[in-house]
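One letter stands for each residue in the lines below.
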Amino acid sequence: MLICACCRGRFHYPDERVKEAGRRCGVHEIGFRDILGRDVVPLCLRCDMAFRLENGIPA
């Protein structure tokens, strides 16, 4: 379980390295140091879509 960097809500991101069960409901965005201040940012799917719409980033 992770915390979204934007809304601080909890979401599940199953660890594929250990074949953890569960449906993915978040993403790891990489390379947003200039925008969000971190290299790897966990976002829930809702905040990820809102971020992409605000900044014109294609899905």
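Provided above is the structure to which this section pertains.
Thresholds, definitions, all that
- Residues numbered from 1 in each chain as written.
- Predicted model: local features only at pLDDT ≥ 70, side-chain atom pairs only at ≥ 80, totals over all residues.
- Heavy atoms only, no water.
- Buried < 20%, exposed > 50% of the residue type's maximum accessible area, 1.4 Å probe, protein only.
- Helix = DSSP H or I, 4+ residues; strand = E, 2+ residues; numbered from the N terminus.
- Arc of directions from axis to C-beta.
- Core = buried A, V, L, I, M, F, W, Y, C linked by side-chain atoms within 4.5 Å.
- Contact = heavy atoms within 4.5 Å.

Engineer: Explain helix α2 (residues 45–55) to me, please; I cannot follow it from the model alone.
Structural biologist: Three or four residues apart is the spacing at which side chains of an α-helix point the same way, because the helix has 3.6 residues per turn. Along α2, the positions that sit buried rather than exposed are Cys47, Asp48, Phe51 and Arg52. Along α2, the residues classed as buried sweep out an arc of 135° about the axis, all on the same side. Facing away from the buried side of α2 by over 90 degrees, the exposed positions are Arg46, Leu53 and Glu54. Looking one or two residues past α2, Gly56 carries a phi angle of roughly 65°, positive in sign.

Engineer: Mind showing me how you'd approach the nonpolar core here?
Structural biologist: For soluble globular proteins, the rule of thumb is that nonpolar side chains tend to be buried together. Counting 8 residues, the largest nonpolar core consists of Cys4, Ala5, Phe11, Val27, Val41, Leu43, Cys44 and Cys47. Ranked by residue count, the leading element in this core is strand β4 (residues 38–44), at 3 residues. Every residue in contact with Cys44, bar those within four places of it in the chain, is listed here: Cys4, Cys7, Phe11, Cys25 and Gly26.

Engineer: Looking at this structure, how should I read unusual backbone geometry?
Structural biologist: Phi angles above zero are rare outside glycine, and Arg8 is one such case at about 65°. Tracing the chain through its elements places Arg8 in the loop between β1 (2–3) and β2 (10–11). Of note, Lys19 is a non-glycine position whose phi angle comes to about 55°, a positive value. Relative to the elements of secondary structure, Lys19 occurs in the loop between β2 and β3 (26–32).

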